[in-house]
Each structure stands twice: as structure tokens, then as C-alpha cells.
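Residues per chain, in single letters:
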Amino acid sequence: SMTGQVRNGEFSTGFPVPFGNYSFRVADGFGNVLSSGVVHHRGETIRITVKTIRIAVDVIDLFGTPVPGANVRVLLGPSPYRVGTTDLTGRVEFTGLPERLSPYVVEVAVRDYVERKMVSASSTFTVPYVRVLDSLLSLVELGIVAGAVLAATAALALYSIRRPRS
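Since the structure is predicted, the reported quantities are computational estimates derived from the model, not experimental observations.

Colleague: If you had to explain the pairing of strand S1 (residues 20–27) to someone new, which residues and values would you point to?
Modeller: As defined by bridge partners, S1 adjoins strand S2 (residues 33–41) across eight bridges and the pair is classed as antiparallel. In the sheet register, Asn21 faces S2, and the bridge partner there is His40. Between the end of S1 and the start of S2, which pair antiparallel, lie five residues, with Gly31 showing a positive phi angle near 90°.

Quick look at the structure:
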């Protein structure tokens, strides 16, 4: 039995391996089996491929404006497998996700709002999220600020009109 680590996609024993049949198992750092099987070693280089996928998440508001700073997690079961934050374009990408571990659940958190979506690993997906309430709150907040400015301006105008002249 031999155990080793893959570095930059390559594994080397450091010594010659006799010809023969070998069982192999490739696992990630969490113990999830990514690939397994039997290889027939006859002196050639043996290549073992772990198929991976890419998940891109675009977080946008009601008006299609990107939402930077949204927390995005790729869950494997109940546990986070990868985490990221959207950039200025509202996007975060997760590459090198083992296809064999799918489906994944993508969780997007904006402020106190959380949305989850199951993503199949049959191909690469872009998952858009729309946060309606934040967009409406932004409009309401703008309306409140604009209303306060208008009220202050109107009060000042009324004060200057009603002020008695001496």
C-alpha cells in the first residue's frame, strides 16, 4: 500500500514501480473519493483523470445591477466545500469542482437574505440570483432621502416667505 499527495496534477512514487495490476483511489482533503479503479502498469506513464466542473454565480438586483460583496458557498451536503465573494461585476467562479461529488448546492447570502439552488454537474452553469427586496428597499431609501430633502427645502422656502420684514 502506498499513499501520497498529488502536486500540480502529478503524483510520483520517487522509485520504480514493478509491472502489475494496481488498485487506486484518489481522495480530496476531506476524504471524498474522486476517482478509483484498477490500472495495468506495463512501464508506461499512467494518467488518472478526475473530471471537474466550473460553477459561475452572477448576483444581480431587480434592475440587473451587479451586487458585489455577496457571500457565496458551494455546499457538499450540509458542509461548505468552497466559499467566495462576488467581485465588482457581481460574479464569483468556482473551478476544479470534482464532477463525481455532484450535485452541489450553491448558497448566496446578501445581507440577511439567503437563497439556495441545487446545481447539477453535467456541465458548467451560470446561476443568476435576483434580490428583489434589496432593490425595492434601495428605491424606498432613495425616496425617503429625496422626500426629506424636499421637505427641508419647502420648510426653508416657507420660512423665508413668512418671515416678517422689519
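Colleague: How would you summarise the packing of aromatic side chains if you had to cite specific residues and measurements?
Modeller: Both the distance between ring centres and the angle between the ring planes are used here to describe each pair of aromatic rings. Counted under the stated rule, the structure contains one aromatic pair. Plain terms: the ring middles of Tyr81 and Tyr104 are 6.1 Å apart, the flat faces sit at 40° to each other, and that makes the pair tilted. Taken as a pair, Tyr81 in strand S5 (residues 79–85) and Tyr104 in strand S7 (residues 104–110) lie far apart in primary sequence, 23 residues in all. We note that Tyr81, like Tyr104, is buried.

Colleague: Got a sec to walk through the nonpolar core? Specific residues and values, please.
Modeller: Ile55, Val57, Leu97, Tyr104 and Val108 are the most contacted members of the largest nonpolar core, which totals 20 residues. Elements with a contribution of two residues or more to this core: strand S3 (52–61), strand S4 (71–76), strand S6 (91–98) and S7.

Colleague: Before we move on, can you summarise the side chain of Glu107 with the specific residues and values?
Modeller: Here Glu107 lies in strand S7. Residue classification places Glu107 among the buried positions, given a relative accessible area of 8%. Looking at Glu107, its side chain comes within polar contact range of the side chain of Arg73, at 2.7 Å. Within polar-contact distance, the side chain of Glu107 engages the side chain of Arg116 at 2.8 Å. Those residues in contact with Glu107, other than ones at most four positions away along the chain, are Asn71, Val72, Arg73, Leu75, Val114, Glu115 and Arg116.

Colleague: Explain the sheet that holds S5 to me, using residue names and the numbers behind them.
Modeller: Pairing in this open sheet of four strands is antiparallel, and the strands run S5-S4-S7-S8 from one edge to the other. Looking at strand neighbours, the two that pair on one side only are S5 and strand S8 (113–119), the edges of this open sheet. Between one strand axis and the next, the sheet turns through 20° on average, direction left out of account. Sheet topology places S4 next to S7; five bridges connect them, and they run antiparallel. Residue pairing in the sheet places Leu75 in a bridge with Val105 of S7.

Colleague: Can you tell me about the pattern of salt bridges, naming the residues and giving the values?
Modeller: By the definition in use, this model includes five salt bridges. For Glu93, the salt bridge identified is with Arg54, shortest N-O distance 3.0 Å. Here Arg54 lies in strand S3 and Glu93 lies in strand S6, a separation of 39 residues in the sequence. For Glu93, a relative accessible area of 38% corresponds to the partly exposed category. Note on Arg54: relative accessible area 27%, which makes it partly exposed. For Glu107, the salt bridge is made with Arg116, and the minimal N-O distance between the two is 2.8 Å.

Colleague: Before we move on, could you go through the side chain of Ser35 and cite the residues and values that matter?
Modeller: Looking at the secondary structure, you find Ser35 in strand S2. Look at Ser35 and you get buried, because its relative accessible area is 11%. The residues touching Ser35, leaving out its near neighbours within four places in the chain, are Phe24, Arg25, Val26, Ile48, Thr49, Val50 and Arg100.

Parameters at a glance
- Residues numbered from 1 in each chain as written.
- Predicted model: local features only at pLDDT ≥ 70, side-chain atom pairs only at ≥ 80, totals over all residues.
- Heavy atoms only, no water.
- Pairing = 2+ DSSP bridges.
- Helix = DSSP H or I, 4+ residues; strand = E, 2+ residues; numbered from the N terminus.
- Phe/Tyr/Trp six-rings, centres within 6.5 Å; stacked < 30°, edge-to-face > 60°.
- Buried < 20%, exposed > 50% of the residue type's maximum accessible area, 1.4 Å probe, protein only.
- Core = buried A, V, L, I, M, F, W, Y, C linked by side-chain atoms within 4.5 Å.
- Polar contact = N/O pair within 3.5 Å; in protein donor to acceptor, adjacent residues only side chain to side chain.
- Contact = heavy atoms within 4.5 Å.
- Axes fitted to C-alpha atoms, helices over the stretch in contact; angles between N-to-C directions.
- Salt bridge = Lys/Arg side-chain N within 4 Å of Asp/Glu carboxyl O.

That is the geometry; function is a separate question.
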